[in-house]
Amino acid sequence: MQKPRIRWHIAVFLAPAVLVYTAVMIFPLFNTLRLALFSKVDQERVFVGLTNFRTLFGDPIWSEQFWNALGNNFWFFIVHMLVQNPIGVALAAILSHPRLRFAALYRSAIFIPTILSFVIVGFAWKLILSPIWGIAPSMLDAVGLKALFAPWLGKEEYALTTLALISVWQFVGIPMMLIYAALLSIPEEILEAGEIDGITGPSAFWKIKLPLILPSIGIISILTFVGNFNAFDLIYAAQGALAGPDFSTDILGTFMYRTFFGFQLQLGDPHMGSAIASAMFAIILIGVCLYLFGIQSRMRRYQL
Amino acid sequence: MKRNLMTLALASSALVATSAYAEDVTLTIESWRNDDLTLWQDKIIPAFEAEHPGIKVNFTPSAPAEYNAVLNSKLDAGSAGDLITCRPFDASLALFEAGHLADLSGMEAMGNFSDVAKSAWQTDDGSASFCVPMASVIHGFIYNKDAFAELGIEAPTTEDEFFAALETIKQDGTYIPMAMGTNDQWEAATMGYNNIGPNYWKGEEGRQALIKGEQKLTDPQWVAPYATLAKWAPYLGDGYEAQTYPDSQNLFTLGRAAVYPAGSWEISGFNALVDFEMGAFKPPVQNAGDTCYISDHTDIGIGMNTKSANPDAAKTFLAWVASPEFASIFGNALPGFFPLSETPVEMEDPLAKEFVSWRGECESTIRSTYQILSRGTPNLENDTWGASVAAIKGAETPEALGQKLQDGLASWYAPQQ
């Protein structure tokens, strides 16, 4: 009888990832949550319990900003869900059409913006949309639609939507690629069996392919949700930390940044900043849990 | 032999109080102005060392964005330089309160500066000064002289003339009347509100009264500048809402705009770019003959580390920084950053000369939100950015904006409650 050996190699192989992940993700996360319970009084850090959260939600100066940022964040997310993901699915469906020529070229062209830095995207679009140097006004002029042009990034009513659409432009490649992969994995036999039953063309997409890629769409939705509620870079690159005009593009990320690190004459407040970061964490956690337990577990899966 | 000399030197230094540093001492300066490194090494330091044999000076700047953090850790570790370049207001005040900056109130050379100049580096009650003021930036308007000549208009001195000039430029259509955007927000407050505002709230008088709680942001003198800003909108060119700060600079230097609401720090940059003649006019007054007020904003000072090993040499250097000689070297090497000493400095750059000449004609003040009033949440300076933009866009009435700012300030600032 041999004693079961302790399998050391498992621990050894896991260690690097676990250590690095703990050091750069888990520890900072818990430290941030801890920091949110403190405050600075007379140069001393003192434990104040939930006071920071009471200020954040109870003091109108803070809560107004918070709800404004949260509302903007939801709008940012909704635009992505309504524009980015349907377009991504549509592009994937078109790309997977067997008779489409240059599919690889289109695929790369649409995917390339995803790998660009936020700073480049923000700067490039600011230039494109600039009322002074931009090509957007002259292009609209060329087709006689100059009247439709407005300094979108500078108007409260359009700025956030414009930025959301820029972000959609940048990231539409990701749902496209994921759905494309899911579509390719659907076996030909199923489609052929459908054809025999008279399901062809668009109805094959709606009745056969779409139900089969629903789990992928679910994953994409949750990735979009997490990505959008953590978003910061694009707004910061395009509109600065004050998320102008008049905070109309302020999302939780920029609100947290401004509070944590301070801005111009405003000194940073790491404790209130941590409180906002904790609220962001809670929102994302709730969103992900709702998805995991409310939607994912009920989703029907098909054995292919 | 050397040892003997040193003994002699030590003995003499002990005897003669005025030359306590006969042996070479080296002073190190901490600064964020790494742009000015060559200026310090080639002009300022040699001039000082020539006059003060026995003191060597080392200028060791760090990157502007890192300066505060680097300086704080050096001060805590006790490895910071003898002399410390001071940011204005709260950042330096915190250093003084933590015991890192020496009290310089007793220094004779501090008498070379006006109260306004010193206000950026004083305790709130003005009892202690901890940095020697070095330079300020002045607000006003820079204009394209060629364009003005072409259209037959003169630099305006009153508000009526100002808007009449803008109207003429607009009617002509060759130039955008004024280059300023609201996208980056700060220009609207800094080059807008705090540029024209001092004429309404009478500079220091209003600013001090606001700090003391005797005036409110809802008072007419604080609200009226917003009403004037609202009149700027038609002259700012198409799509000013999305126009950024670099956009405005380019519009003006390319000769496409006639007037540029400015800070004097633009001078050296603009000099290198424009191919037309530039002039400057001060913020127009409401009625001809009114006293004019300008925003002469304190920006850089220099103080002494309390832990300096050579306090006497450091004080000698500070006294020299306060002298007219330093002012003249500094002011001419960096046109647009104006020395703060009361002895007038002869400027060579014509545009800088124009700006600095206003000090003789007008009362100086600093930006209204910088001292004390931006310590709390909501931050008055940041709120003023938003309010100035809203005023220009006409999104809210000046009265509503004043009320909003007042409510925000009153929520944390006791004298306004």
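Everything quoted here is computed from the prediction, not taken from an experiment.

Some words on the overall build of chain B
Turning to step 1, where the next piece is worked out: For chain B, the helix and strand inventory stands at 18 helices and 10 strands.
Turning to step 2, where the next piece is worked out: Seen along its three principal axes, the alpha-carbon backbone of chain B occupies a region of about 85 × 50 × 40 Å.
Turning to step 3, where the next piece is worked out: By residue count, 50% of the 417 residues in chain B fall in the buried class.

Examining the overall build of chain A
Turning to step 1, where the next piece is worked out: The secondary structure content of chain A amounts to 13 helices and 4 strands.
Turning to step 2, where the next piece is worked out: With the C-alpha coordinates of chain A rotated into their principal frame, the extents come out at 85 × 80 × 30 Å.
Turning to step 3, where the next piece is worked out: Taken over 304 residues, chain A has a buried fraction of 30%.
Turning to step 4, where the next piece is worked out: Once local pairs closer than 6 in sequence are excluded, the contacts in chain A between residues at least 24 apart make up 66%.

Description of the packing of helix 17 (residues 380-393) of chain B against helix 18 (residues 398-410) of chain B
Residue and element names in this part refer to chain B.
Turning to step 1, where the next piece is worked out: At a minimum axis separation of 10 Å, helix 17 and helix 18 run at an interaxial angle of 170°. Here helix 17 lies roughly antiparallel to helix 18, going by the angle between them. Residues Leu380, Asp383, Thr384, Ala387, Ala390 and Ala391 of helix 17 touch helix 18, and the partners they reach there are Pro398, Leu401, Lys404, Leu405, Gly408 and Leu409.
Turning to step 2, where the next piece is worked out: Residues that form the contact of helix 17 with helix 18 fall into these classes: 8 nonpolar, 2 polar and 2 charged.

Points about the pairing of strand 8 (residues 293-304) of chain B
Residues and elements named next belong to chain B.
Turning to step 1, where the next piece is worked out: Of all the 12 residues making up strand 8, 12 are buried; the element is thus mostly covered by neighbouring parts of the structure.
Turning to step 2, where the next piece is worked out: Inspection of the sheet shows strand 3 (residues 83-86) paired to strand 8 by 4 bridges, in the antiparallel sense. Opposite Thr85, over in strand 8, you have Ile302 as the bridge partner.
Turning to step 3, where the next piece is worked out: Looking at chain direction, strand 4 (residues 132-144) and strand 8 are connected through 6 bridges and run antiparallel. Looking at strand 8, one finds that Val137 is bridged to His297.
Turning to step 4, where the next piece is worked out: The pairing of strand 8 with strand 10 (residues 363-365) spans 3 bridges and is classified as parallel. Its bridge partner being in strand 10, Ile294 is matched across the sheet by Ser364.

Describing unusual backbone geometry
Turning to step 1, where the next piece is worked out: The omega angle of the peptide bond from Thr377 of chain B to Pro378 of chain B is 0°, so this bond is cis rather than trans.
Turning to step 2, where the next piece is worked out: A positive phi angle, close to 60°, is found at Phe247 of chain A, a residue other than glycine.
Turning to step 3, where the next piece is worked out: Relative to the elements of secondary structure, Phe247 of chain A occurs in the loop between helix 11 (233-239) and helix 12 (252-261).
Turning to step 4, where the next piece is worked out: For Phe89 of chain B, which is not glycine, the phi dihedral falls at a positive 60°.
Turning to step 5, where the next piece is worked out: Its place among the elements puts Phe89 of chain B in the loop between strand 3 and helix 4 (90-97).

Quick notes on the environment of Pro415 of chain B
Residues and elements named next belong to chain B.
Turning to step 1, where the next piece is worked out: Here Pro415 shows up in the segment after helix 18.
Turning to step 2, where the next piece is worked out: With 13 C-beta atoms packed within 10 Å, Pro415 lands in the partly exposed category.
Turning to step 3, where the next piece is worked out: Separated by 203 residues in the primary sequence, Pro415 and Lys212 have C-alpha atoms spaced 6.1 Å apart.
Turning to step 4, where the next piece is worked out: Contact partners of Pro415, with chain neighbours within four places excluded, come to Lys212 and Gly213.

Some words on the interface of chain A and chain B
Turning to step 1, where the next piece is worked out: Taken together, the contact pairs 19 residues of chain A with 24 residues of chain B.
Turning to step 2, where the next piece is worked out: Within the side of chain A that touches chain B, the residues separate by chemical class into 11 nonpolar, 6 polar and 2 charged.

Notes on the confidence of the model for chain B
All names here are of chain B.
Turning to step 1, where the next piece is worked out: Predicted confidence across chain B gives a mean pLDDT of 88, with 94% of residues reaching 70 or more.
Turning to step 2, where the next piece is worked out: Considering only residues more than four positions removed or in separate chains, one finds that residues 5-21, a stretch of pLDDT under 50, has 14 contacts.
Turning to step 3, where the next piece is worked out: Both scores are given for the predicted complex: the pTM is 0.82, the ipTM 0.80.

Focus: the environment of Ile196 of chain B
All names here are of chain B.
Turning to step 1, where the next piece is worked out: Tracing the backbone through its elements, the reader meets Ile196 in helix 8 (residues 186-196).
Turning to step 2, where the next piece is worked out: Assessed through the 26 C-beta atoms surrounding it within 10 Å, Ile196 is described here as buried.
Turning to step 3, where the next piece is worked out: Sequence-wise, Ile196 and Glu159 are 37 residues apart; in three dimensions their C-alpha atoms are separated by 9.9 Å.
Turning to step 4, where the next piece is worked out: Those residues in contact with Ile196, other than ones at most four positions away along the chain, are Pro225, Thr228 and Pro283.

Considerations on the pairing of strand 2 (residues 44-47) of chain A
Residue and element names in this part refer to chain A.
Turning to step 1, where the next piece is worked out: As defined by bridge partners, strand 1 (residues 38-41) adjoins strand 2 across 4 bridges and the pair is classed as antiparallel. Directly across from Lys40, in strand 2, lies its bridge partner Arg45.
Turning to step 2, where the next piece is worked out: In this antiparallel pair of consecutive strands, strand 1 and strand 2, the connection spans 2 residues, and Asp42 shows a positive phi of 50°.

Some words on the nonpolar core
Turning to step 1, where the next piece is worked out: Judged by nonpolar contacts, the single largest core of 156 residues is most densely connected at Ile276 of chain A together with Met178, Ala257, Ile302, Phe317 and Leu318 of chain B.
Turning to step 2, where the next piece is worked out: If you tally residues by element for this core, the top one is strand 4 of chain B, at 8 residues.
Turning to step 3, where the next piece is worked out: Setting aside anything within four residues of it in sequence, one finds Met178 of chain B in contact with Leu166, Trp232, Tyr235, Leu236, Ala257, Val259 and Pro261 of chain B.
Turning to step 4, where the next piece is worked out: With 11 residues, the next largest nonpolar core counts Ala92, Phe171, Met176 and Ile213 of chain A among its residues.

Observations concerning helix 4 of chain B
Residues and elements named next belong to chain B.
Turning to step 1, where the next piece is worked out: Here helix 4 has its buried residues at Ser92, Leu93, Leu95 and Phe96. One side of helix 4 carries all its buried residues, which in axial view fall inside an arc of 155°.
Turning to step 2, where the next piece is worked out: On its buried face, helix 4 sits against strand 3.
Turning to step 3, where the next piece is worked out: The first or second residue beyond helix 4 is Gly99, which carries a positive phi of 85°.

Let's talk about the packing of helix 8 of chain B against helix 11 (residues 220-230) of chain B
Residues and elements named next belong to chain B.
Turning to step 1, where the next piece is worked out: One way to put it is that helix 8 packs onto helix 11 with a least axis distance of 9 Å and a crossing angle of 125°. If you check the angle between helix 8 and helix 11, you find them oblique. Considering only the axes of helix 8 and helix 11, their crossing is right-handed. Where helix 8 abuts helix 11, its residues Gly192, Tyr193 and Ile196 lie against Pro225, Thr228 and Leu229.
Turning to step 2, where the next piece is worked out: Tallied by class, residues from the contact of helix 8 with helix 11 come to 4 nonpolar, 2 polar and no charged.

Calculation notes
Residues numbered from 1 in each chain as written. Chains lettered and ligands numbered in written order. Predicted model: local features only at pLDDT ≥ 70, side-chain atom pairs only at ≥ 80, totals over all residues. Helix = DSSP H or I, 4+ residues; strand = E, 2+ residues; numbered from the N terminus. Buried ≥ 20, exposed ≤ 12 C-beta atoms within 10 Å, placed from the backbone. Contact = placed C-beta atoms within 7 Å. Axes fitted to C-alpha atoms, helices over the stretch in contact; angles between N-to-C directions. Parallel < 35°, antiparallel > 145°, perpendicular 65-115°, else oblique. Nonpolar A, V, L, I, M, F, W, Y, C, P; charged D, E, K, R; others polar. Pairing = 2+ DSSP bridges. pLDDT = per-residue confidence, 0-100. Core = buried A, V, L, I, M, F, W, Y, C linked by C-beta atoms within 7 Å. Arc of directions from axis to C-beta. Left-handed = near helix turned anticlockwise from the far one by under 90°.

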